[in-house]
Amino acid sequence: MTDMKPETLAIHAGYRSDPATNAVAVPIYQTTSYQFNSTEHACKLFALEELGNIYTRVMNPTTDVFEQRMAALEGGVAALATASGQSASAMAIQNIAQAGDNVVSSTDLYGGTWNLFANTLKTMGIEVRFVDPADPEAFRRATDDRTRAYYAETLPNPKLIAFPIREVAAIGNELGVPLIMDNTAAPVFCRPFDHGAHIVVYSTTKYIGGHGTSIGGMIIDSGRFDWEWHAERFPMLNQPDPSYHGAVWTEAVKPLGPIAYILKARVTLLRDLGAAMSPMNAFQFIQGLETLPLRMREHGRNAVEVADFLANHPAVTRVIFPGRMSGEARRRADAVFDGSYGGLVGFELAGGREAGLRFIDALKLVYHVANIGDTRTLAIHPATSTHQQLSPEEQMAAGVTPGYVRLSVGIEHIDDILADLEQALGAAASVTTRAA
Ligand SMILES: *Cc1c(COP(=O)(O)O)cnc(C)c1O
């Protein structure tokens with residue numbers, strides 16, 4: 001099945017019918033616990049001699065289908081669902097880094113991840129070294145023998161410059177450091193494992209669900225990083241784990257395949273920190289996932305049309321969209337994207353901050369929310385919302401100019417999207433005229 005295409009995997013991977021009832025739709029196993037067949041069965045499950053359901057904080061049959069489906073779509077060996085994208089990125093790092101260790105991360109990050117890295121991980125003694133992805137070699141220079149991972153987003157906004165996955169993964173392979181990619185903004189049209197990344201994380205809250213009903217996250221293991229080969233760098237996977245009767249994860253999983261990283265995350269971090277996805281949310285994500293490849297095509301098509309429309313509009317001074325970039329930024333996008341430049345489009349208004357606010361307030365169809373990846377078209381003015389706490393200099397460094405507006409282009413009919421943008425741009429342009 002794993003050699004099937006994304007459209008098929010999104011509907012079929014990891015499940016045929018319910019073993020108890022033959023139900024074709026994945027049932028919602030809304031249960032906390034599972035009865036053991038015998039004392040011997042219980043004993044084997046707790047010893048990890050046999051994998052099976054014990055308690056829904058650690059695994060659940062509905063969530064299991066969602067995990068298998070995501071692993072199949074990404075070309076990974078196993079996956080772990082979490083309560084949110086934030087818990088996925090936190091655990092992806094906590095699984096291999098402890099106090100005294102460091103992580104080298106791209107500066108171009110989602111705000112929540114930035115806070116997690118710059119503040120919360122710091123209080124735990126994990127240092128995050130931020131480097132500019134414009135120079136992939138910066139990752140090498142920031143690496144020392146306590147570096148446990150590289151971290152970046154495939155398509156970070158607001159800059160929307162694709163991350164050089166191949167270049168940084170190659171440095172990681174050389175130095176023995178795994179590359180963790182947040183692929184939230186680029187599902188289906190980018191598979192980071194195909195370009196050498198080792199771990200993928202998602203906020204499934206966005207495109208994976210698409211319906212905007214549920215918060216969730218996912219960690220996916222490529223199974224292609226050799227943790228044993230780099231045993232000194234990864235004591236948490238190669239030395240006896242006191243929290244699991246002295247298990248050495250790389251050895252314990254040998255009969256199960258190359259899943260040391262993801263199994264440890266499940267049976268230690270999910271067990272101890274408890275950021276589990278609810279079965280109801282896993283069910284919601286399974287419904288969304290069925291149409292993900294179809295939706296991504298439509299998001300991508302509509303985004304191209306929106307970008308073209310904006311580029312020809314007199315109130316717009318600049319359009320930020322990978323498909324309209326040139327030079328190195330375009331080369332990077334074309335190196336990792338297949339068949340789409342995604343659904344995110346940024347643009348700058350001639351009228352600056354005032355025009356940005358007017359534009360947002362004039363929207364009728366498009367929603368004003370701090371979110372991306374919904375079926376609905378969404379807009380935000382970062383300078384006065386998501387990036388409001390930054391100084392003007394920090395805003396500029398992040399690519400947020402006063403007149404910058406970010407769109408997450410939805411899958412409504414393109415004519416209706418353009419009509420709403422047109423009328424809102426008219427309202428924004430009146431500011432320019434007045435100011436001039
Ligand atoms: C939304 C988002 C997150 C955080 O996900 P939540 O599900 O909201 O916790 C992480 N990374 C990116 C790129 C996001 O867009």
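Here, residues in each chain are numbered from 1, in the same order as that chain's written sequence. Per-residue local features of the predicted model are confined to residues with pLDDT of at least 70, and side-chain atom pairs are confined, for both listing and counting, to 80 or more; whole-chain, interface and lining totals are unaffected and use all residues. Excluding hydrogens and water, the side-chain figures rest on all heavy atoms present in the structure.

Colleague: Break down the domain arrangement of the protein chain for me, with residues and values.
Modeller: How big an interface is tends to be reported as the loss of accessible area on association of its parts. An automatic or database domain assignment is the source of the domain bounds shown. Taken domain by domain, the protein chain holds domain 1 (6-280) and domain 2 (293-435). Computed from C-alpha coordinates alone, the two centres of domain 1 and domain 2 are separated by 31 Å. Whether two residues are in contact is decided by their heavy atoms, any of which lying within 4.5 Å being enough. Domain 1 puts 33 residues into the contact, and the matching count from domain 2 is 37 residues. Interface of domain 1 and domain 2: buried area, both sides summed, is about 2,700 Å²; carbon and sulfur atoms make up 62% of it. Two parts lose some accessible area (1.4 Å probe) when they are put together, and adding that loss for both gives the buried area. The largest contributions to the domain 1 side of the interface with domain 2 come from Pro158, Phe189 and Tyr207, which together make up 30% of the buried area. By definition here, a salt bridge exists when the distance from a side-chain nitrogen of Lys or Arg to a carboxyl oxygen of Asp or Glu is within 4 Å. In this structure, the connection of domain 1 to domain 2 is made through two salt bridges. In protein, a polar contact requires one atom able to donate a hydrogen and another able to accept it; more generally it is a pair of N or O atoms within 3.5 Å, and residues adjacent in sequence count only if both atoms are side-chain atoms. Seen at the junction of domain 1 and domain 2, the total is 12 residue pairs in polar contact (both at pLDDT 80 or more). Counting only elements with at least two residues in the side of domain 1 that touches domain 2, the list comes to α1 (6-12) and α7 (165-175). The nonpolar class holds Ala, Val, Leu, Ile, Met, Phe, Trp, Tyr, Cys and Pro. Asp, Glu, Lys and Arg form the charged class, and all remaining residues, Gly among them, are polar. Among the residues making up the side of domain 1 that touches domain 2, the classes are represented as 21 nonpolar, seven polar and five charged. The numbering of helices and of strands both runs from the N terminus, where a helix is a DSSP run of H or I of at least 4 residues and a strand a run of E of at least 2.

Colleague: Which residues make up the sheet that holds strand β6 (residues 199-203), and what are the values?
Modeller: When DSSP finds at least two bridges between two strands, those strands are taken to pair. Spatial ordering of the open sheet is given by β1-β7-β6-β5-β4-β2-β3, a layout of seven strands whose pairing is mixed. Since the sheet does not close on itself, it has two edges, and those belong to β1 (78-82) and β3 (127-131), each with one partner. Across the sheet, the mean angle from the axis of one strand to that of its neighbour is 20°, orientation sign disregarded. By the bridge criterion, five bridges tie β6 to strand β7 (residues 217-221) in an arrangement that is antiparallel. Note that in β7 the partner of Ile199 across the bridge is Asp221. Contacting β1, β6 and β7, helix α10 (residues 260-273) crosses the sheet at an angle of about 30° to β1. Whenever a helix is involved, its axis is fitted only over the stretch in contact; in every case the axis is a line through C-alpha atoms, and angles between N-to-C directions fall within 0 to 180 degrees.

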